[in-house]
Amino acid sequence: MAAPIRVLTAVPICDGHDSAINTINLEFIRHGIEVVYLGYHRYAQDIVRAAIQEDVRAVGISSYNGGHVEFFVEVVKQLRKRGVDDIAVFGGGGGTITHDDQRVMQKRGVDKIFFAGTSLTGMVDWVHERYGPGKRGSRDGAPADMQLARKLTQIEDAYANGKTPRKPAAKKSSGTRVIGFTGPGGAGKTTLIDELVLRLLHRDDSSRIAILSHDPSVVGEGALLGDRATMINSQHDRVFMRSMATRGQAGGLSPATEDCLQLLAQSGFDYVIIETVGTGQEAMPFQSKLVDQTVLVMNPDYGARLQLQKIVMLDLADIIVVNKSDQERAKTAMSEIERRLQGNSREQQLVSTVAKRHRDTGVDRLCDLLTQPRTSGETASEEPKGRARLRRA
Amino acid sequence: MSKLGRVVEAVENYNTFVENEVKRSRTEKKFGQQMVDRWNQIKANIPIGTAPTGLKLPRLALPEIDEAGDITRYLLADGLPGEFPFLNGAYREMYLEPMQNPTIETGTYEKNGDGKKSRLNGSKNGKGNGASAAHNRLAPAAPKPAQAEEPTRLFSGLMLAEDTNARFHFLGAHQRSKRLSTAFDGPTLYGIDSDADGVFGKIGEGGVAVDTVEDMIRLYDGFDLGSPDFSASMTISGPAPIIMAMYIAAAKRRFGPDIVPKLRGTIQADIFKEVQAQNETIFPVEASLRFLTDMMEYTTRNMPRWYPVSISGYHIGEAGSTPVQQAAYTLSNGFAYAEMMAARGLDVNDFGPRLSFFLDCGLDVEYIALTRVSRRIWAIGMRDAFGAGHKAQMFKVHTQTSGRSLVAAEFKNNLTRTAAELMLSYMNGTNSCHSNSADEPFTTPSEEWIRLAAHGQAILLDESGIFKHTMNMLSGSPGMKAVERAVEAAILEEFREIERLGGVMGAVENRYQRSQIQTAAHRYEQQIYSGVRPIIALNKYRNENEEMPEFELARTPRSKQQLQVDRLKKFKAKNARKAEEALNRLAEVVETDENCFPALMEAAEVCSLGQICERLQEVVGRFRPMV
Ligand code: B12
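Rules of the game
- Residues numbered from 1 in each chain as written.
- Chains lettered and ligands numbered in written order.
- Predicted model: local features only at pLDDT ≥ 70, side-chain atom pairs only at ≥ 80, totals over all residues.
- Heavy atoms only, no water.
- Helix = DSSP H or I, 4+ residues; strand = E, 2+ residues; numbered from the N terminus.
- Buried < 20%, exposed > 50% of the residue type's maximum accessible area, 1.4 Å probe, protein only.
- Contact = heavy atoms within 4.5 Å.
- Lys, Arg positive; Asp, Glu negative; His and termini not counted.
- Charge placed at Lys NZ, Arg CZ, Asp CG, Glu CD.
- Pairing = 2+ DSSP bridges.
- Axes fitted to C-alpha atoms, helices over the stretch in contact; angles between N-to-C directions.
- Phe/Tyr/Trp six-rings, centres within 6.5 Å; stacked < 30°, edge-to-face > 60°.
- Domains from an automatic or database assignment.
- Buried area = accessible area lost by both parts, 1.4 Å probe.
- Salt bridge = Lys/Arg side-chain N within 4 Å of Asp/Glu carboxyl O.
- Polar contact = N/O pair within 3.5 Å; in protein donor to acceptor, adjacent residues only side chain to side chain.
- Nonpolar A, V, L, I, M, F, W, Y, C, P; charged D, E, K, R; others polar.
- Expected span 1.5 Å × (residues − 1).
- Near = heavy atom within 4 Å.
- pLDDT = per-residue confidence, 0-100.
- Core = buried A, V, L, I, M, F, W, Y, C linked by side-chain atoms within 4.5 Å.
- UniProt positions renumbered as here; feature names shortened; annotations may be inferred.
- Disulfide = S-S within 2.5 Å.

## Some points on the overall build of chain B
Item 1. A tally of regular secondary structure across chain B gives 24 helices and eleven strands.
Item 2. Taken along the three principal axes of its C-alpha coordinates, chain B extends 80 × 60 × 55 Å.
Item 3. Out of the 627 residues belonging to chain B, those deemed buried represent 63%.
Item 4. Put simply, of all contacts in chain B between residues at least 6 apart along the chain, 79% involve residues at least 24 apart.
Item 5. Averaging the locations of the 74 positively and 79 negatively charged side chains of chain B gives two centres separated by 3 Å.

Below you can see the structure in the form of structure tokens.
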């Protein structure tokens, strides 16, 4: 099975016409393409950064509010300026982009414009044909971020092609802290991580952060990788973000995750954050020895207490976050979980947050916990402490 | 149960009530006779008009029924135009031409409302500025004597404030009443200053650039903002409260503080539909709603002639929703606003009449009756779930024909599409209407096509006899009734689903409306390319040799864009100290529970739009986009 084509899609700044791109995204993923969606009202700079980090094959832009010649060309220009010549730029904008416009745009490096009335299958076929499997070189000599992005692609592709790359020894750069986030869908993991990133960037004006985020997909099918669209604070020059599809693997991670994580952990970031797909919590998704701390993010609305007994992750996580604590059930949830954790024999922390609330103090506390100088007892894989030590942070 | 749940109950109860009354009129002889007498009285009082051919016709057509039960059902379930539950119209005579020699007094009703039709800027002269024209809206106005105003809403927004101002004056030169409709450029719609990085090329594109109170003064220069003949409409939502504050600041500077209660006009401001469909939200939803309701509370108390929100389904429909979704989300958004206003202790009879609606009209069969049903649900919900009186029960609506139904292939066919949609809009008794230009898929409409679009309305209303002689001319056919029943049931089902998700807010947080709209939009496009949905000249009767037509595109010159940046920088330098103070005060108030609109008005005197938005975002955060 060949590796799926990865493209990035977005709508330009001051433009909220997203109906066309939403439909096109859906159509792409139905036909095996993985789409990293950056959202609407996006600066050229954010599109370029994301395209490079995600190392997509092409960038698809949907523009309706005018200024498309300038905008498409700006994206091409910024890519070239950074030495990228193997990420194509294509797109559409219904009838607002004329044939004349297209001629100018193509002359200046835009690959293709789809006019009003193009059939959806026409576009899909074109992407398959044009951006299908093909050799892309390594990026030796390019800036570190670009090399890193390409290496991640090579790892992912190797797994997709059925090869199992040799696992290098698990080691990481000194000073790198790896934090794993997991939890059920709808608990607000993505928002929480983005709010943490905002704080981490503020607390230290030189820290660098890597994020490895996951969305579900089935073997041979595409995926919508949409976390970037909502992670507004993470679109930042000091943040390296990579979106991965699970490509058929259960448990919330991709077959290539471990190797990718190792690479990131060795790349000199201060924090490497890894986020699973929303999962059932029956097991620990992070088998990696590299993960220093695991955070389980829960929704106060998990159902009955009985259910709580089944959540194995409650025994294994270092920090349990009850997010959306503005919900009515939050208080009950906190005390039920607290009681549930008391039986455990390891040191765990329980935090309550409202990540969607600006400057939420709960998220501040979580950030404190995650940035505390490390003690040896903090790692999940350490042997259990003698007594239950639950702290309500 | 949220108010929406009560609305569902209210409609169900009302329908049961009607059926019980029907039965009663059939079994209780006295009651039945009363209904029959009332019916005969109504019929006897209908004036008779004369068509140019000499044909005599009643000015209100009624079904040919004479049995007590049928009469009861008609009067209660549908109502006469202008009477609860307003199925047939918010007003008694809507588009009828004035009687030459009225033989019977028909009491007061609004003739022409705030414009029975919108002749767009291009209808007489002038090059259309379309971006905006495409999404224009008209607010139905408070009752006033018939024909007090021309129905024309001059719609403009291009380049810089002085350019738009010149356009306003040019188009309004021969008009008694000045009714200006303003479109803003992208940076303004998103609350970004013209001097911000990365937006230079967007300055003045598709609408007018407004950064400061000085721009606002230039924009309406030469118009008497307090005159009863003047009204301003502003198509903006994300930063609406700030733009509103800037408008008030500009008016005060020109005419003194006493101008405020006299200001007349409307601002779109509907934030729910931004989150659901148009994507111009700039603050987190709760904060956006707080700023909006702060503004609405202020205008309700201090500006009795202002319409502070235009509850819009147009954007929902254009984003690809089904017609039922459009109506259901728009109505539920409206009820949610009403609930918020009531929660602030405002009287439903004060704010209710200041709520108005804006709907889309496409070619799907639901549009035979979508607006009619919406009017009925709104009236019942407002009366029985909110305790509203007559004026606050009326669903006053501006309709725009569907832009999305217009396609590039053999684009002149768009004239026919729009004509059919206009017909549907008027069959639904819209209070005002905007017809899109045939060049809609390509560019901001040009003079030629705007003129044809406006004439389409005139041909329907003035030239043809379809709507001008008799109310109810096309209401109540068996087919229309069937659509009404099916659509009403489907809307109530949507309400129930929203209620299950915790009301409008809960559904929004669950991305419910967005994902429903996206799924519908995807299906719509698939249906086009699979041929299920015939689109003439695109997937049926296609001309393979068609050349793409060339249109002249409007562009703002760089020199003008630079001028806007320079002026803004000067303004900021001049007001630097005062701006900082005003922003600090604003930030302080926003941290409390107080109404922050007064502080916003103060800030608008000395701060730019971008400065205010940035500071507010520091306090309340930025909107986290939903995809
Ligand atoms: C739907 C619509 C809206 C909806 C958008 C809802 C949404 N969430 O998307 C609403 C009502 C909210 C809206 C608002 C506005 N709109 Co509008 N809108 C349209 C409309 C009617 C259809 C666009 C559309 O989605 N078509 C459906 C898609 C699927 O088909 P398509 O466009 O033909 O595209 C095909 C190809 O080009 C291709 N394609 C498109 N993009 C891409 C990308 C990739 C990667 C690929 C491979 C292919 C591809 O796929 C399609 C299938 O063949 C057009 C006019 C028209 N009829 O085209 C105006 C139009 C685009 N809007 C316009 C304007 C000005 C606005 C506003 C600025 C108005 C205002 N002042 O308030 C606002 C701004 C909104 C915002 N936030 O930016 C103008 C733009 C004018 C210009 N550029 O010169 C237009 C052209 C209308 C007009 N003539 O005035 N709008």
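## Details of the sheet that holds strand β10 (residues 397–401) of chain B
All names here are of chain B.
Item 1. The strand order β8-β9-β10-β11 describes an open sheet built from four strands, whose pairing is parallel. Unpaired on one side and paired on the other, β8 (309–312) and β11 (432–434) mark the two borders of the sheet. Strand-to-strand twist of the sheet, defined as the mean angle between neighbouring strand axes without regard to direction, takes the value 25°.
Item 2. Of the pairings in the sheet, the one linking β8 to strand β9 (residues 355–361) comprises four bridges and is parallel in character. Bridge assignment links V309 to a residue of β9, and that residue is L355.
Item 3. Docked against the sheet, helix α12 (residues 323–343) engages β8 and β9, running at close to 150° with respect to β8.

## Some thoughts on the packing of aromatic side chains
All names here are of chain B.
Item 1. Considering all chains together, one arrives at 31 aromatic pairs over all chains under this definition.
Item 2. Note on Y95 and F467: the rings are 5.9 Å apart at their centroids and 85° apart in plane angle, and the pair reads as edge-to-face. Taken together, the residues Y95 in the loop between α3 (68–78) and α4 (130–134) and F467 in the loop between α17 (447–463) and α18 (478–500) connect sequence positions 372 residues apart. The pair Y95 / F467 is uniform in exposure class, with both members buried.
Item 3. When the centroid spacing of 5.4 Å and the interplanar angle of 85° are considered together, the rings of Y220 and Y247 count as edge-to-face.

## What about the domain arrangement of chain A?
When the parts come together, some accessible area is lost, and that loss is often what is quoted as the size of the interface.
Residues and elements named next belong to chain A.
Item 1. Here the domain parsing of chain A yields domain 1 (6–131) and domain 2 (177–392).
Item 2. Its C-alpha centre places domain 1 at a distance of 32 Å from the equivalent point of domain 2.
Item 3. At the junction of the two partners, domain 1 supplies 19 residues and domain 2 supplies 22 residues.
Item 4. Here domain 1 packs against domain 2, burying approximately 1600 Å² in sum over the two surfaces, 44% of which is carbon and sulfur.
Item 5. Between domain 1 and domain 2 we count three salt bridges in total.
Item 6. Measuring nitrogen to oxygen at the nearest pair gives 2.8 Å for the salt bridge that ties R247 to E34.
Item 7. Between domain 1 and domain 2 we count 16 residue pairs in polar contact (both at pLDDT 80 or more) in total.
Item 8. In terms of residues, the side of domain 1 that touches domain 2 owes the most to one element, strand β2 (residues 34–42), which gives seven residues.
Item 9. Broken down by class, the residue content of the side of domain 1 that touches domain 2 amounts to seven nonpolar, five polar and seven charged.

## Here's the deal with helix α20 (residues 512–530) of chain B
Residues separated by three or four positions in an α-helix point in the same direction, a consequence of the helix having 3.6 residues per turn.
All names here are of chain B.
Item 1. Relative to the 27 Å expected for 19 residues at 1.5 Å per residue, α20 spans 27 Å between its end C-alpha atoms, a close match to the ideal helical length.
Item 2. Along α20, the residues that are buried comprise Y512, Q513, R514, I517, Q518, A520, A521, H522, Y524, E525 and I528.
Item 3. Where α20 ends, the next residue or the one after it, G531, has phi of about 90°, a positive value.

## Thoughts on the site of the ligand
Item 1. The immediate surroundings of the ligand are formed by 47 residues, with H17, Y64 and T118 of chain A together with E440 and T443 of chain B found nearest.
Item 2. More than a single chain frames the ligand: its nearby residues are located in chains A and B.
Item 3. Here N65 of chain A contributes a side-chain N or O atom positioned 2.8 Å from an oxygen atom of the ligand.
Item 4. Contacts to the ligand include Y529 of chain B, whose side-chain N or O atom sits 3.3 Å from an oxygen atom.
Item 5. Elements with a minimum of two residues in the shell around the ligand: α1 (19–30), β3 (58–62) and β4 (88–92) of chain A together with α4, α9 (272–278), α11 (314–318) and α20 of chain B.
Item 6. Counting residues per element, the shell around the ligand draws most heavily on α1 of chain A, which supplies four residues.
Item 7. Tallied by class, the residues present in the shell around the ligand amount to 18 nonpolar, 22 polar and seven charged.

## A closer look at the sheet that holds strand β5 (residues 112–114) of chain A
Residue and element names in this part refer to chain A.
Item 1. Taken together, the six strands give an open sheet; going across it, the order is β5-β4-β3-β1-β2-β8, and neighbouring strands pair in parallel fashion. One side of each edge strand has no neighbouring strand; the edge strands of this open sheet are β5 and β8 (223–225). With strand direction ignored, the average angle separating the axes of adjacent strands in the sheet is 25°.
Item 2. Taken together, the six bridges between strand β1 (residues 6–12) and β2 define a ladder with parallel strand orientation. Its bridge partner lying in β2, R6 is registered against E34.

## Thoughts on the interface of chain B and chain A
Item 1. Between chain B and chain A, the residue contacts involve 42 residues of the former and 44 residues of the latter.
Item 2. Between chain B and chain A, a total of about 3500 Å² is buried, with carbon and sulfur atoms accounting for 53% of that surface.
Item 3. The partner of D194 of chain A in a salt bridge is R624 of chain B, with the nearest N and O atoms 2.6 Å apart.
Item 4. Counting the contacts that link chain B with chain A gives 20 residue pairs in polar contact (both at pLDDT 80 or more).
Item 5. Only α6 (186–189), α20 and α24 (609–620) of chain B provide two or more residues apiece to the side of chain B that touches chain A.

## Things to note about the confidence of the model for chain B
All names here are of chain B.
Item 1. Mean pLDDT over chain B stands at 90; residues scoring 70 or higher make up 91%.
Item 2. Within the model, pLDDT remains below 50 along residues 104–149, and this stretch shows 170 contacts once partners closer than five positions in the same chain are excluded.
Item 3. Predicted complex, confidence summary: ipTM 0.93, pTM 0.93.

## Concerning the nonpolar core
Soluble globular proteins tend to pack their nonpolar side chains together in the buried interior.
Item 1. Formed by 207 residues in total, the largest nonpolar core has its most connected members in Y220, Y247 and F495 of chain B.
Item 2. With eleven residues, helix α8 (residues 240–255) of chain B is the single largest residue contributor to this core.
Item 3. Two domains each donate at least three residues to this core, and these are domain 1 (6–131) and domain 2 (177–392) of chain A.
Item 4. Excluding anything up to four places from it in sequence, Y247 of chain B contacts M216, Y220, L225, F230, A232, M234, L263 and W306 of chain B.
Item 5. In this structure, L148, I311, M334 and L341 of chain A belong to the second largest nonpolar core, which totals 39 residues.

## A closer look at the UniProt feature "domain: B12-binding" (unreviewed entry) in chain A
Item 1. Residues given the UniProt feature "domain: B12-binding" (unreviewed entry) here are residues 4–134 of chain A.
Item 2. Helix makes up 44% of residues 4–134 of chain A and strand 22%. Its end C-alpha atoms lie 12 Å apart.

## Section: the state of the cysteines
Item 1. If you walk through the whole model with that rule in mind, you get zero disulfides over all chains.
Item 2. The thiol of C607 of chain B is not disulfide-bonded; the next cysteine sulfur, from C613 of chain B, is found 11 Å away.

## What to know about unusual backbone geometry
Item 1. Here the residue pair F84 of chain B and P85 of chain B is connected by a cis peptide bond, since its omega of 0° sits within 30 degrees of zero.
Item 2. Of note, P85 of chain B is situated in the loop between α3 and α4.
Item 3. For R359 of chain A, which is not glycine, the phi torsion reads 55° and is therefore positive.
Item 4. Looking at the element boundaries, R359 of chain A is found in the loop between β13 (347–352) and α13 (361–371).
Item 5. Judged by relative accessible area, which is 43%, R359 of chain A ranks as partly exposed.
Item 6. At M94 of chain B, a residue that is not glycine, the phi angle is positive and equals roughly 40°.
Item 7. On the secondary structure map, M94 of chain B appears in the loop between α3 and α4.

## A few points about the pairing of strand β12 (residues 319–322) of chain A
All names here are of chain A.
Item 1. Covered by surrounding structure in β12 are I319 and V321 together with I320 and V322, the residues of both alternating faces.
Item 2. The pairing of strand β11 (residues 293–298) with β12 spans four bridges and is parallel. Residue pairing for β12: L296 is matched across the bridge by I320.
Item 3. Sheet topology note: the β12/β13 ladder contains four bridges and is parallel.

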